[in-house]
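Summary of structural features
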Amino acid sequence: MKTSLIKDNTLMLAPLAGYSDLPFRSVVKKFGVDITVSEMISAHALVYSNQKTLKMLEKSPIETPFSVQIAGSKLDIIQKAVEILNAQNGIDIIDLNCGCPAPKVANHGNGSGLLKDLNLLVKVANTIKATTNKPYTSLKLRLGFDKKIPLEIANAIGDTAVDFVVIHGRTRSDGYKKDKIDYESIAKICQNIKIPLIANGEITDYPTAQKVLNITGAKGVMIGRAALSSPWIFWQIKNKSEIIPPIIKKELVLEHFDKMVDFYGERGVVMFRKNLHAYSKNHLKSSEFRQVVNSIRDSKQMRYAIENFFDNAKVSESFPQIIHLNSRTS
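Rules behind the numbers
Residues numbered from 1 in each chain as written. Predicted model: local features only at pLDDT ≥ 70, side-chain atom pairs only at ≥ 80, totals over all residues. Heavy atoms only, no water. Axes fitted to C-alpha atoms, helices over the stretch in contact; angles between N-to-C directions. Helix = DSSP H or I, 4+ residues; strand = E, 2+ residues; numbered from the N terminus. Parallel < 35°, antiparallel > 145°, perpendicular 65-115°, else oblique. Contact = heavy atoms within 4.5 Å. Core = buried A, V, L, I, M, F, W, Y, C linked by side-chain atoms within 4.5 Å. Buried < 20%, exposed > 50% of the residue type's maximum accessible area, 1.4 Å probe, protein only. Left-handed = near helix turned anticlockwise from the far one by under 90°. Nonpolar A, V, L, I, M, F, W, Y, C, P; charged D, E, K, R; others polar. Pairing = 2+ DSSP bridges. Right-handed = clockwise from strand over helix to strand, strands pointing away.

**Description of the packing of helix H8 (residues 183-191) against helix H9 (residues 206-216)**
The description of two packed helices rests on the angle between their axes and on the distance between the axes. In contact at an axis separation of 8 Å, H8 and H9 are set at 45 degrees when each is read in the N-to-C sense. As summarised for this structure, H8 and H9 are arranged oblique, according to the angle between their axes. The residues of H9 that touch H8, namely those facing Tyr-183, Glu-184, Ile-186, Ala-187 and Cys-190, are Thr-208, Lys-211, Val-212, Ile-215 and Thr-216.

Right, here's the structure in full:
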């Protein structure tokens, strides 16, 4: 009998388009995240061998278990996409995106668009399960498309053969409005399904994570945007602490930058600008720093700018070091 992948207090990194690539996931993994998820991958792009899409399937050796999230609604394309994933080693979970609110995704019936046709959602999920050779499948859903339908969603989940679900506490129409987050509706779904549920949405620190777990009855939490500026949030939740772990932020940022250049080449310099915007948040003169890095394309110049800006951005506390970051700095 297959053992459950989801244990109590499971921590997942959310799939974030343009952010949760291999370099970022490998950095976050060191802070104790249990399951990492690829960026959302179009099943159509996967089937038609988009090289950029295939690169998104690459993972770090430390990423186990690793989930690949796909988006699509056409059963024949979904089946072909899963057959391609079957040939890829190192994938433990195939996740179906049923929550992306982006119009270019949802308007074509994909992502949160599936929430308007729960029968099709069930068929797509079960097609993945019937086709895959990977041990686990999952769903990531919102509470509904333009209105909350927690009980209908719970019933649909019950008609699938997936192993666990992630529920984001808003509808598609809610977007990412803070005041729209609804953990009680997540709890309603959790109470009406037989498989593990992971809660997602507006989890920014350890106290919030605990509150969400208590309200929802979820087995764990998925965190996305908060991890961009504070990747150590997973360490804090694991250690039931609000203290920042003993790291030097400059070394963390440099390690992430080096991984970007190693993975993408010089193109990684430009791609890393958005990460630097997140890392520099709440620092003095961050707006000036963003203006500087937005014009840099050379890796050596960018490295110098990072070292110079974060040189005094040390965050440390007097408790045991459990995070070891490789350093190339003198």
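Read on, since the account is not over.
**A closer look at unusual backbone geometry**
With an omega of 0 degrees, the peptide bond running from Thr-64 to Pro-65 counts as cis. As for its placement among the helices and strands, Pro-65 is situated in the loop between helix H3 (51-55) and strand E4 (66-71). Not every positive phi belongs to a glycine, and Glu-202 is a case in point at roughly 60 degrees. Tracing the chain through its elements places Glu-202 in the loop between strand E8 (197-200) and H9.

**A word on the nonpolar core**
Counting residues in each nonpolar core, the largest one holds 94 residues, and the members touching the most others are Leu-139, Leu-141 and Leu-197. In terms of residue count, helix H12 (residues 249-264) provides more of this core than any other element does, eight residues in total. Formed by eleven residues, the second largest nonpolar core is a distinct cluster that contains Ile-6, Met-12, Val-166 and Met-222.

**Here we look at the packing of helix H1 (residues 22-29) against H12**
H12 packs onto H1 with a crossing angle of 145 degrees between their chain directions and a minimal axis gap of 8 Å. H12 is crossed by H1, and the crossing has right-handed handedness. For the pair H1 and H12, the contacting residues are Leu-22, Pro-23, Phe-24, Ser-26 and Val-27 in the first and Leu-252, Glu-255, His-256, Lys-259, Met-260, Phe-263 and Tyr-264 in the second. A per-class count over the contact of H1 with H12 returns eight nonpolar, two polar and two charged.

**Side note on the pairing of strand E9 (residues 220-223)**
The alternating pattern of E9 places Gly-220 and Met-222 and Val-221 and Ile-223 on opposite faces, both of which are buried. Where strand E1 (residues 10-13) meets E9, four bridges bridge the pair, whose relative direction is parallel. Across the sheet, Met-12 pairs through a bridge with Met-222, a residue of E9. Pairing of E8 with E9 involves three bridges; the strand directions are parallel. Its bridge partner lying in E9, Asn-200 is registered against Met-222. Handedness of the crossover joining E8 and E9 through H9: right-handed.

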